[in-house]
Amino acid sequence: MLGRFISRAFWRFSRWTLTGATAPARPTVLVGAPHTSNWDFVLMLAIAWNLGIDVRWLGKKSLFHGWRGPIMRAVGGIAVDRSNPGTVVAEVVERVNAGEVFGLVVTPDGTRGGNEYWKSGFYRIAREAGMPVTLGFVDRTTMTTGLGPTLDLTGDVAADMDQIRAFYADKAGFHPKLRTEPRLREEQGPTKDAP
C-alpha cells in the first residue's frame, strides 16, 4: 500500500514516462536492463509498486548487516552469499512451490558497464524454477521505462538470447556508454536444457 502511494507520487513528478506491458500474473524473473546506474533500481521499484508486483531482489550479503538488514528485507531483498550462490536458486524454487507470486528483479549485466557478458544467473534461476522472464527496461533516449514482453525460456540459450537482444537493441540505459550487450558466455558452447 505504501509502495503504491510512493510510486504514484514518483511517476507524477518524474521526467520519466512509465510505458509497456502490464504485470505478469505468475512468478517471474524480472530482468532490469540496461543496468548502467543505481537509479535503475529506483525506477524498477517504482514500476513494480505502481503495477502491484510483489518484488524480490538479490543483493550481496553485506548489504543486510546491522540496521540495514530489516530495511532491505522490507523492500524485498534476498541476501546472496557470493561464496555459495547456488543456494539462491533453491530458495527461489522453494518460494514458488509455496505459492508465492512475485517478480524477482535481477540485473544480469553485472556491475554497470565494463563487462563483456551478462551474468547467467537470471537464466538458470528461470529455468530451474520454471519461471518466465519479464524484460524490464530503462531507455534514456526516450525517457521511458517499464515492462516489455514475458518470455518462457526454451533451454536453447542462443535462441532465447536472440529474443532478449532484439528487445534491448534500441534501449540505451541511464548512462548509454556503460551499456553491456545482452550476451551469455553459455552461448559459445553447445546448448543444453539448462546452462
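Keep in mind that what you see is a predicted model, and the values were worked out from it rather than measured.

> Help me out: how do you make sense of the overall build of the protein chain in this one?
A tally of regular secondary structure across the protein chain gives six helices and seven strands. In the protein chain, the order of α-helices and β-strands from amino to carboxyl end is α-β-β-α-β-α-β-α-β-α-β-β-α. Since a compact globule built from 195 residues should have a radius of gyration of about 16 Å, the 16 Å found for the protein chain is in line with a globular shape. If one aligns the C-alpha atoms of the protein chain with their principal axes, the spans along those axes are about 50 × 35 × 30 Å. Burial analysis of the protein chain (195 residues in total) assigns 46% to the buried set. Restricting to contacts in the protein chain with at least 6 residues of sequence separation, those with at least 24 account for 71%.

> Help me out: how do you make sense of the side chain of His35 in this one?
Along the chain, His35 turns up in the loop between strand S2 (28-33) and helix H2 (39-51). A polar side-chain atom of His35 sits 3.2 Å from a polar atom in the side chain of Asp40.

> Whenever I open this one, the confidence of the model for the protein chain confuses me. Can you help?
Atomic detail in the predicted coordinates should be set aside for any region of low pLDDT. Chain-level statistics for the protein chain give a pLDDT mean of 84 and a share of 93% at 70 or above. When mean pLDDT is compared element by element in the protein chain, helix H6 (residues 157-168) scores highest at 95, while helix H4 (residues 86-97) scores lowest at 78.

> So what exactly am I meant to see when it comes to the nonpolar core here?
Across soluble globular proteins, nonpolar side chains have a tendency to be buried as a group. By size, the foremost hydrophobic cluster in this structure holds 30 residues, and its most contacted members are Val92, Trp118, Phe122 and Tyr168. Within the residue set of this core, elements represented by two or more residues are S2, strand S4 (77-80), H4, strand S5 (103-106), helix H5 (121-129), strand S6 (133-139) and H6. Aside from chain neighbours lying at most four places away, what touches Phe122 is Val29, Val31, Val106, Pro108, Val133, Met161, Ile164 and Leu184.

> Mind showing me how you'd approach the pairing of strand S7 (residues 144-151) here?
Within a regular strand, side chains alternate between the sheet's two faces. With respect to burial, S7 is a largely interior element, six of its eight residues being buried. Strand direction decides the pairing type here: strand S1 (residues 17-20) and S7, joined by four bridges, are parallel. For Gly20, the partnering residue across the bridge sits in S7 and is Leu147. Both S6 and S7 contribute to a ladder of six bridges, which runs antiparallel.

> Please clarify how the sheet that holds S7 should be interpreted in this entry.
Sheet strands associate in pairs through backbone hydrogen bonding, adopting either a parallel or an antiparallel arrangement. Here we have seven strands laid out as an open sheet, ordered S1-S7-S6-S2-S5-S3-S4, and mixed in their pairing. Every interior strand has two partners, whereas the edge strands, S1 and S4, have only one. With direction set aside, neighbouring strand axes in the sheet form an average angle of 25°. Together, strand S3 (55-60), S4 and S5 form the strand contacts of H4, whose direction differs from that of S4 by roughly 150°. Running at roughly 165° to S2, H5 makes contact with S2, S3, S5 and S6 of the sheet.

> I keep staring at the packing of aromatic side chains and nothing clicks. Help me out?
Each aromatic ring pair is characterised by the separation of its centres together with the angle its planes make. A full pass over the atoms with the stated rule returns eight aromatic pairs. Ring geometry for Trp118 against Tyr168: centres 5.8 Å apart, planes inclined by 65°, an arrangement best described as edge-to-face. Pair noted here: Trp118 is in the loop between S5 and H5 and Tyr168 is in helix H6, with a separation of 50 residues, a long-range link. Of the residues examined, Tyr168 reaches a relative accessible area of 1% and is grouped as buried. When the ring of Phe137 is compared with that of Phe167, the centres are 5.8 Å apart and the planes differ by 75°; the resulting orientation is edge-to-face. Residue Phe137 is found in strand S6, and its partner Phe167 is found in helix H6; the two are separated by 30 residues along the sequence. There is no split in this pair, since Phe137 and Phe167 are both buried. The ring of Phe174 is capped by Arg140, whose NZ or CZ atom sits 4.8 Å from the centre of that ring. Sitting over the face of the ring of Phe167, Lys171 holds its NZ or CZ atom 4.1 Å from the ring centroid.

> Help me out: how do you make sense of the pattern of salt bridges in this one?
It is possible for side chains bearing opposite charge to pair when their charged atoms get close. Under the definition given, this model contains eight salt bridges. Among the ionic pairs, Asp170 bridges to Lys171, the shortest N-O distance being 2.8 Å. For Asp170, a relative accessible area of 52% translates into the label exposed. We note a salt bridge from Arg179 to Glu181, for which the minimum N-O separation is 3.1 Å. Taking the relative accessible area as the measure of exposure, Arg179 reaches 24% and is therefore partly exposed. Residue class for Glu181 comes out partly exposed when judged on its relative accessible area of 35%. Bridged by salt links that share partners, the residues Asp54, Arg56, Arg95 and Glu100 form one connected network.

Thresholds, definitions, all that
Residues numbered from 1 in each chain as written. Predicted model: local features only at pLDDT ≥ 70, side-chain atom pairs only at ≥ 80, totals over all residues. Heavy atoms only, no water. Helix = DSSP H or I, 4+ residues; strand = E, 2+ residues; numbered from the N terminus. Rg over C-alpha atoms; globule rule 2.2 N^0.38 Å. Buried < 20%, exposed > 50% of the residue type's maximum accessible area, 1.4 Å probe, protein only. Contact = heavy atoms within 4.5 Å. Polar contact = N/O pair within 3.5 Å; in protein donor to acceptor, adjacent residues only side chain to side chain. pLDDT = per-residue confidence, 0-100. Core = buried A, V, L, I, M, F, W, Y, C linked by side-chain atoms within 4.5 Å. Pairing = 2+ DSSP bridges. Axes fitted to C-alpha atoms, helices over the stretch in contact; angles between N-to-C directions. Phe/Tyr/Trp six-rings, centres within 6.5 Å; stacked < 30°, edge-to-face > 60°. Lys NZ or Arg CZ within 6 Å of the ring centre and 35° of its normal. Salt bridge = Lys/Arg side-chain N within 4 Å of Asp/Glu carboxyl O.

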